[in-house]
Structures are given as C-alpha cells and as structure tokens.
Amino acid sequence: MEKRRLVRNRRRIYLGTVVLVILLNAAAWNSTAFSDWYIAHIFPLWVNTYGRVTGIFPFSVGEGLLGAGAVLIICAAVFGVLWIIIWIMKLARMLYSAGRLRKSDWPGRRPKDAAESFGAEARVRGIAEGARAAGGEKRREIRRFRRFSRGFGIFFAWTFLIVCLVMTLNCFVLYHASTFSEQYFGEDEGDYTLAELIRVYNLVAENCNRLAGVIERDESGMAVYTGSYSETGGVRHDGRAGDEGKAGNESRAGDYGPEEEKGLLLDMEDKARELMRRLGSSYPQLDGYYPRPKALWSSDFMCQQHMQGYYFPFSMEANYNDVMHILNKPATMCHELAHLRGYIYEDEANFISYLACVQSEDVFFQYAGYLSVLVYLNNDLYKAWEEERAAYEEAVEEIRPVTVDNRVWEDNLFVTEEEWERINGKALIDTEIVDKAADVLIDTNLKVHGIADGKISYSRVVRLLLQYYRGGKSAGFVPKRQDRILERHYRLCYNQSTKSTGKGENVS
C-alpha cells in the first residue's frame, strides 16, 4: 500500500513538472514582459548559486554532464534494440505454437505397437521436462532483465524531464526576452547607408592595424599574453593593499570581489570576468557575478566543428576552445559570459564581447575585440562590392575603405596549420563530416527558437555595430552628417557565413 502511494506521488510530481515546463515555454513565447521579468529576477539566482558551485571545480562540469548524457542515450538505444528483439522472438514463438500440428494428429499416422508408443511418450516427457527447466531459467533471466530495464526507463524519463526543465529555465525562456539593442539603444531605424558601413569598417580596421604592432609577440611573431593588472579598485580580504598583489603574487583574481582586485596580475580568464563586470556599470543587466571561464578537454573536437566556445545551461558555465588561436580567446570568453547574463542571441553576445574588449586598457583584449568583428564587416563590405557595384563606387568616392595590414590577416585565423595537421591526424571522424553535422544542429536549434535566419544570425553583429556608432555612443567616433541622409541606401546583407573565412563560432 505504501509502495503504491509512493508511485502515485512520483507520477503526480512528474506530471506537475511536465505541466510547468509547458506553461513556462508558453508564457515565454507569448509574453516578452514575462521573459524580461524572469531574466531580471529569477535567472540570476541560478548563476549566483549553482554557477558558484560548479565554479569550484577546475574542469568543465558541463562537459562531463554531456559525456554522461551521451552514455545514457547509448544505453537507452541498446535497451530499445534488445526489447525489439525480445518482442520479435515472442511473436514468432506465438505464431509457431498456433500453427504447429502434433504428429499424432496427422491423418494416417498411427504407432506400430505399444512399445513404440510408450517410448515416444517417454522421449516427449523427457524433452518437455528439460524444456521446462531451461524455460524456467530463461524466464527468470527475462524477469530480471525486465525489472532492470523498467528501472532504467524510469531513470531515463526523469533525466529527460530534468533536462527539459533546465533547458527551459536556462536557455529557452531567454530567447523570447527583449534584445540588447531594444533595452539600451532604442528602436532600430532599419536601413543604413553603405558609407556608414565603410566608416565603421575603417574604425575597426585602423585600430587593428595600430594594435597589431603594439601587442606582445614571441620570436616567431605569434601573439602571446602574459597577464594584465586589474583595472578596478579596492582592498583585499586580509586588509592589505591591492598593490601588494603585483608581480609574484600567485593568488587568482577569482578569489576576490570585483572591488577587491586592484593591482592583481590577472590571467586571461579573470581579465574577461573583470571587463564584463565593468561593462555592467553602463548596462545594468550585465552587472553581477561571473564564473571563471573554463577550457574544454574536447577542444580538438570543437575545432572539427569550427566552434570557439559553449555556454552550458546544465552547469551555468562559460567554456572555450583551448586549441584555437590565442587571439580568439578574449572575445570568446566574454561572449560566453554574456550568455550568463541572459543574452542568448549570438549576435548580441558577439557585440557585448566586442564592447567589453575594446573598452579595456589591455591592448591584447582591445586587439582581440576589434579582430572579432573585422571579418563580419569585411564580409558585408565585399557583399556590397559584389552585388551593388554602382552604390559601392559612389560611396567609395566619399570615403575609401582602409587597407588592412597583412599582419592583421595573419592574426585573423581560427586554428594554426600545425594544430590542424595534429587534429586531423588523430581524428576518429572526418572533420568535414563533423563540421556539416554541427552546422545542421546549430542552424536547427536557432530556428526552433524563432531565429528565422538560423546560423546566419552570427553576422548580424554588424547591424548592432552600425546602430551603436550611429548614435555616437563611442568616444572618438564621428557620427554621419545629417546632409548625407539622402545617400543611396544599402540594406545590409547577412547571408555571408563566417565559415568562408575559416573562423569559428560560439554556441549557446
């Protein structure tokens, strides 16, 4: 009786959770106000609690959970195949038994004498007894298998429901909130002139050219990062001045609060956290706790997918590809951290990471930030030249695009040739197959959540850049003159994938 009551309670909890997941998704799809309220008041709780717990571990907890999930799915597939085989065998046995005729019932078949009849019956009884003994053992094995598979099925059903709930709370709802531009920039005017695109491109290209010769490099010319001192102020927990944390201090900035890190020598991960916190002073939703970004053990496999980073909703972690070129890492870390503040759209995360990097005093982060959008701008500029040649030539008469130095293009790569050779040499699955499968998965995921252009949304960061600079929100940028409003308009095209440049993507 007690067991039945427990089963009924479990079923009620399960069905109640299913209803909750459905209601949350329905509310998010139908109410932007609900999604905004959720991100402002509920979503930060998961980052500040669960995110702090998973942040204790030096490795990616989310990556481990994905591995466990893959094993669980494989086990479920194996059990499914076994049950199909069992049911086929059971059906075949039933059909055989129904159609079988005993030899004694055949017309004209009679035993020759009593001895033959008695011997036949003895043989039949012996066979039957042996079959019953074997059958009994087989039935016990089947019962044990049935109990185990039933328990596994219950565990799988609960696990699947928990995954749906976590994805709803930490991912699905976020897709239906107000965008970053709607919150802070106001209504987008929609159309931008080609001259505006060239101005923003020139701003980025000029800074890339300048910073390429400033950042630190090794003997081979490869960019290196040796750390950066904190740009925030405060005092350490033990009361000593933050300046004591300079060179030689082995403490990590993650051990201190945002106002306690002045003078600490930060590595790249903690520098990204600091810059995102600083950005929160201008954009309140970005304010708050950020866990330390973590490198992924499966970075080689990520390279095969052309992926730079992942946000794991299951563990509230920002993860990055540790094998890709070092200049991709700063913007990738900031990009994934932006997802932890509720900005799930890829174009918004790209733009936020750009702002965090270029507003830093660290020239390495500045250069990485400008590099992160150079390709998108270049793609759209090339698209204008290719499809709107007359409009392009007209705009170029007024403002010519800046020539990007060769060193910048050499820095603008996803993975070095040496790493590609190593990765492809040990890969179990061909990189092209993995890449295509990843493209389909990402594109489908984005479209399911209402992003009609799917993976192409990655390059929509250009529109955010144009909207940002049109408003004159950046120091040193001169907005377009009002008498140029009548220039021939050029609607930006966003169907140029980053794949053509060899760069990777970040994924939520």
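Conventions adopted
Residues numbered from 1 in each chain as written. Predicted model: local features only at pLDDT ≥ 70, side-chain atom pairs only at ≥ 80, totals over all residues. Heavy atoms only, no water. Helix = DSSP H or I, 4+ residues; strand = E, 2+ residues; numbered from the N terminus. Contact = heavy atoms within 4.5 Å. Areas by Shrake-Rupley, 256 points an atom, 1.4 Å probe, with all protein chains shown as cover. Axes fitted to C-alpha atoms, helices over the stretch in contact; angles between N-to-C directions. Parallel < 35°, antiparallel > 145°, perpendicular 65-115°, else oblique. Nonpolar A, V, L, I, M, F, W, Y, C, P; charged D, E, K, R; others polar. Buried < 20%, exposed > 50% of the residue type's maximum accessible area, 1.4 Å probe, protein only. Pairing = 2+ DSSP bridges. Left-handed = near helix turned anticlockwise from the far one by under 90°. Arc of directions from axis to C-beta. Salt bridge = Lys/Arg side-chain N within 4 Å of Asp/Glu carboxyl O. Patch = residues over 30% accessible without salt bridge, like charges linked within 9 Å, V, L, I, M, F, W, Y side chains within 5 Å. Lys, Arg positive; Asp, Glu negative; His and termini not counted. Charge placed at Lys NZ, Arg CZ, Asp CG, Glu CD. Core = buried A, V, L, I, M, F, W, Y, C linked by side-chain atoms within 4.5 Å. Phe/Tyr/Trp six-rings, centres within 6.5 Å; stacked < 30°, edge-to-face > 60°. pLDDT = per-residue confidence, 0-100.

Considerations on the overall build of the protein
Counting its secondary structure elements, the protein contains 18 helices and eight strands. Taking all contacts inside the protein whose residues are at least 6 apart in sequence as the whole, residues at least 24 apart take part in 77%. For the protein, the exposed area adds up to about 27,100 Å²; of that, 59% sits on carbon and sulfur atoms.

Topic: the packing of helix H8 (residues 194–212) against helix H18 (residues 461–470)
Contact pair H8 / H18: the axes reach a minimum separation of 10 Å and the direction vectors enclose 90 degrees. By the angle between their directions, the pair H8 and H18 is classed as roughly perpendicular. Only Val-462, Leu-465, Leu-466, Tyr-469 and Arg-470 of H18 make contact with H8, whose side of the interface consists of Glu-196, Leu-197, Val-200 and Leu-203. Residues of the contact of H8 with H18, tallied by class, amount to seven nonpolar, no polar and two charged.

Thoughts on the pairing of strand S5 (residues 307–312)
Within S5, six of the six residues are buried, which leaves the element mostly enclosed by the surrounding structure. Pairing analysis gives four bridges linking S5 to strand S6 (residues 317–320), with the strands arranged antiparallel. In the strand pairing of S6, Tyr-311 is matched with Ala-318. The antiparallel pairing of S5 with S6 creates a hairpin that spans four residues between the two strands, and Met-316 there sits at a positive phi of about 55 degrees.

Structural notes on the packing of helix H9 (residues 268–279) against helix H11 (residues 329–339)
Following both chains from N to C, one finds H9 and H11 inclined at 50 degrees, their axes separated by 9 Å at the closest point. As the angle between them shows, H9 and H11 are arranged oblique. Here the hand of the crossing between H9 and H11 comes out right-handed. Between H9, through Met-268, Glu-269, Ala-272, Arg-273 and Met-276, and H11, the contact on the second element is made entirely by Lys-329, Pro-330, Met-333, Cys-334, Leu-337 and Ala-338.

Re helix H2 (residues 32–41)
Ser-35, Tyr-38 and Ile-39 are the residues of H2 that are buried. Buried residues in H2, looked at end-on, bunch into an arc of 95 degrees, giving them a common side. Exposed positions of H2 whose direction lies more than 90 degrees from the buried face are Ala-33 and Ala-40.

A look at unusual backbone geometry
Phi is positive for His-306, close to 60 degrees, though the residue is something other than glycine. Secondary-structure assignment places His-306 in the loop between helix H10 (299–304) and S5. According to the relative accessible area criterion, His-306 is buried, its value standing at 12%.

Considering the pattern of salt bridges
Per the counting criterion, the structure on display carries 15 salt bridges. The shortest N-O distance in the salt bridge between Asp-411 and Arg-217 comes to 2.6 Å. Separated by 194 residues along the polypeptide, Asp-411 in helix H15 (residues 406–411) and Arg-217 in the loop between H8 and strand S2 (228–229) bring together distant segments of the chain. For Arg-292, the salt bridge is made with Asp-270, and the minimal N-O distance between the two is 2.8 Å. Of the two residues, Arg-292 is situated in the loop between H9 and strand S4 (294–295) and Asp-270 in helix H9; the sequence distance between them amounts to 22 residues. Linked by salt bridges that have partners in common, Asp-267, Glu-269, Asp-270, Arg-273 and Arg-292 make up one network.

Let's talk about a positive patch on the surface
The grouping of Lys-90, Arg-93, Arg-139, Arg-143, Arg-146, Arg-147 and Arg-150 at the surface amounts to a positive patch. Sorting the residues of the positive patch by element identifies helix H5 (61–99) and helix H6 (114–170) as the ones contributing at least two each. At five residues, the largest contribution of residues to the positive patch is made by H6. On the secondary structure map, Arg-143 appears in helix H6. Taking the relative accessible area as the measure of exposure, Arg-143 reaches 41% and is therefore partly exposed.

Looking at the nonpolar core
For soluble globular proteins, nonpolar side chains are generally found buried alongside one another. Counting residues in each nonpolar core, the largest one holds 87 residues, and the members touching the most others are Met-276, Leu-286, Phe-351, Tyr-354, Tyr-367, Leu-374 and Leu-377. Sequence-distant contacts of Leu-286, that is, excluding residues within four places in its chain, are made with Phe-180, Met-276, Leu-279, Gly-280, Arg-341, Tyr-343 and Ile-352. Listed in part, the seven residues of the second largest apolar core include Cys-303, Met-324, Val-415 and Ile-423.

Section: the packing of aromatic side chains
Taken as a whole and judged by the stated rule, the model has 22 aromatic pairs. Geometrically, the ring pair formed by Phe-185 and Tyr-468 is tilted, given 5.8 Å between the ring centres and 45 degrees between the ring planes. Here Phe-185 is found in the loop between helix H7 (180–184) and strand S1 (192–193), whereas its partner Tyr-468 is found in helix H18, with 283 residues between them in sequence. Accessibility classification places Phe-185 together with Tyr-468 in one group, the buried group. An aromatic cluster is built from Phe-180, Tyr-184, Phe-185, Tyr-283, Tyr-343, Phe-351, Tyr-468 and Tyr-469, whose rings are joined through pairwise contacts.

Concerning a nonpolar patch on the surface
Together, Tyr-50, Val-53, Ile-56, Phe-57, Phe-59 and Leu-65 make up a nonpolar patch on the protein surface, roughly 580 Å² of accessible area in all. Secondary-structure assignment places Val-53 in helix H4 (residues 50–55). Exposure remark for Val-53: the relative accessible area of 44% places this residue in the partly exposed category.

Points about the confidence of the model for the protein
Overall, the prediction assigns the protein a mean pLDDT of 79, with 72% of residues at 70 or greater. The secondary structure element of the protein with the lowest average pLDDT is strand S7 (residues 489–490), at 31, and the one with the highest is H11, at 97. A low-confidence stretch, residues 234–261 (pLDDT under 50), is modelled with 49 contacts involving residues beyond four sequence positions or located in other chains. The low-confidence segment residues 453–458, where pLDDT is below 50, has 25 contacts with residues more than four positions distant or belonging to other chains.

Observations concerning the pairing of S6
Within a regular beta strand, the side chains point alternately toward one face of the sheet and then the other, so they alternate between its two faces. Neither face of S6 is open: one carries Glu-317 and Asn-319, the other Ala-318 and Tyr-320, and all of them are buried. As defined by bridge partners, S4 adjoins S6 across two bridges and the pair is classed as parallel. If you follow Ala-295 over to S6, its bridge partner there is Tyr-320.

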